[in-house]
Amino acid sequence: MKPVIVDVDTGIDDALAITYALKSPELDVIGLTTCFGNNSLENTTRSTLVILERLRKTVPVYMGADKPLKRGITKFPLNVHGEDGLGNNFSENPVREAEAESAVDFIISQVKASTRNYTNSSRAVNESCPGYYKSTGDNPSFQRSDHYGWCSVAPGNVTPYSEANILADPEAADYVFSSGLPVTIVGLDVTMKTILPAATTDEWRAIGTDESRFYADMTDFYIQAYETFEPGFGGCALHDPLAVGVAIDPDFVKREEWNVKVVLDGEETGRTVASAEGEPKVQVCTEVKAEQFLDHFLGRIL
Ligand code: BDR
Ligand code: CA
């Protein structure tokens with residue numbers, strides 16, 4: 001089992017990713033860390049706790065950043081994930097609360113406990129950048145849980161240039177990509193190819209359990225959002241679940257090594273610019289075995 005910390009801004013696709021991770025025997029989820037993004041930090045944390053309670057899991061949750069490093073919050077449109085972040089499908093308040101320890105302190109302590117070599121660099125990254133996923137095993141690797149826009153090829157999904165997570169905190173993204181840590185970017189180039197077909201939610205609903213109905217209703221909201229933005233899309237992209245999928249089985253994707261920088265000013269803010277020249281290099285996912293991944297995801301989720 002690979003020990004992992006999953007960092008989320010829950011979010012419907014985050015909820016699916018959390019569920020996928022918790023139901024995958026290859027992964028040992030030692031903690032969930034939350035961040036502002038799809039909603040306020042308070043709401044992404046609540047949604048994370050709600051999902052865990054529905055799954056009857058007691059994995060600890062640690063609250064992270066409530067705002068970007070250097071700029072104000074760019075409000076994410078609430079019609080993508082709903083006012084509550086889960087498709088307006090939960091009215092209950094979670095019974096459990098987040099831990100008193102902050103996400104940053106938790107991540108640092110776990111990395112310190114599991115390795116001697118990455119402590120300083122992980123501290124630098126952890127203290128500056130919300131929203132990425134790590135393994136804390138003997139061979140620690142650092143991997144984004146969210147996906148970053150790979151806008152040299154795929155267009156952005158918030159502006160024509162930028163993906164949501166990068167636009168939410170461009171300086172933090174740039175810092176992580178330049179950190180020299182072994183980062184894997186699971187970006188729009190690949191996540192926009194992993195589409196959950198709209199008909200899936202009918203199949204889930206037909207299972208007839210509270211759990212299956214909850215996942216169907218929640219995911220229908222996300223599918224409807226895609227339909228609104230892009231009529232005929234026919235489903236929703238499995239962004240965050242693919243990042244978990246890559247942690248489970250790296251063979252789901254093909255990667256290339258690039259130096260990646262983020263545009264920090266002007267109309268193209270949040271755009272990722274990649275080059276074969278320059279250091280450090282990060283691993284960028286450029287191709288995905290979409291059908292194989294989808295089958296795997298569906299086999300685990302319910
Ligand atoms: C990303 O932003 C959020 O909507 C999702 O949770 C995903 O992480 C999509 O660009
Ligand atoms: Ca997310």
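An account of the accompanying structure is given in this report. Here the residue numbers are simple positions, counted from 1 along each chain's written sequence. Both sets of labels track the order of writing: A upward for chains, 1 upward for ligands. Reporting of local features is limited, given that this is a predicted model, to residues whose pLDDT is at least 70; pairs of side-chain atoms are given and counted only at 80 or more, and all residues count toward the totals for whole chains, interfaces and linings. As a rule here, side-chain values cover all heavy atoms of the structure and leave hydrogens and water aside.

**Description of the overall build of the protein chain**
Comment: elements are numbered from the N terminus, with helices defined as DSSP H or I runs of at least four residues and strands as E runs of at least two. Tallying secondary structure elements over the protein chain gives 11 helices and 11 strands in all. Throughout this description, buried means an accessible area under 20% of the type-specific maximum (1.4 Å probe, protein chains only), exposed means over 50%, and partly exposed covers the range between. For the protein chain, the proportion of its 302 residues judged to be buried stands at 54%. In this description, contact between two residues means that some pair of their heavy atoms is separated by no more than 4.5 Å. Of the contacts made within the protein chain by residues no fewer than 6 positions apart, 75% connect residues no fewer than 24 positions apart.

**As for unusual backbone geometry**
Note that the residue after T10, namely G11, is joined by a cis bond; omega there is -20 degrees. The residue G11 is located in the loop between β1 (2-8) and α1 (12-22) in this model. With an omega of -5 degrees, the peptide bond running from E279 to P280 counts as cis.

**Overview of the side chain of T201**
Looking at the secondary structure, you find T201 in helix α8 (residues 200-207). Distance and chemistry together define a polar contact, namely a pair of N or O atoms within 3.5 Å, with one atom able to donate a hydrogen and the other to accept it when in protein, and with adjacent residues in sequence counting only for side-chain atoms on both sides. Only 2.7 Å separates the side chain of T201 from the side chain of D220, close enough to count as a polar contact. Excluding residues that lie within four positions of it along the chain, T201 makes contacts with A216, T219, D220 and I223.

**Things to note about the environment of S275**
Mapped onto the elements, S275 comes out in strand β10 (residues 272-275). Linking S275 and E257, residues 18 residues apart in sequence, is a C-alpha distance of 9.0 Å. Not counting residues within four places of it along the chain, the set of residues in contact with S275 comprises W258 and N259. At a separation of 2.9 Å, a polar atom in the side chain of S275 contacts the main-chain amide nitrogen of E277.

**Notes on the site of ligand 1**
One heavy atom within 4 Å of a molecule or strand is enough for the residue carrying it to be called near that molecule or strand. Looking at ligand 1, there are 14 residues lining it, with D13, D14, N157, E163 and D240 nearest. Between ligand 1 and H81, the relevant distance is 2.9 Å, taken from an oxygen atom to a side-chain nitrogen or oxygen of the residue. Contact distances for ligand 1 include 3.3 Å between an oxygen atom and a side-chain N or O atom of N165. Listed by contribution, the elements that provide at least two residues to the shell around ligand 1 are α1, α5 (164-168) and α10 (239-248).

**Here we look at α8**
Turning to α8, its buried residues are T200, T201 and W204. For α8, the angular spread of the buried residues around the axis is 95 degrees, confining them to a single face. Across from the buried face of α8, at angles greater than 90 degrees, the exposed residues are D202, E203 and A206. Tucked into the core, α8 has its buried residues touching α1, β7 (195-197), α9 (210-229) and α11 (290-301). Directions are taken from the helix axis to each C-beta atom, and the arc is the one they span.

These values are about where atoms sit, not about what they do.
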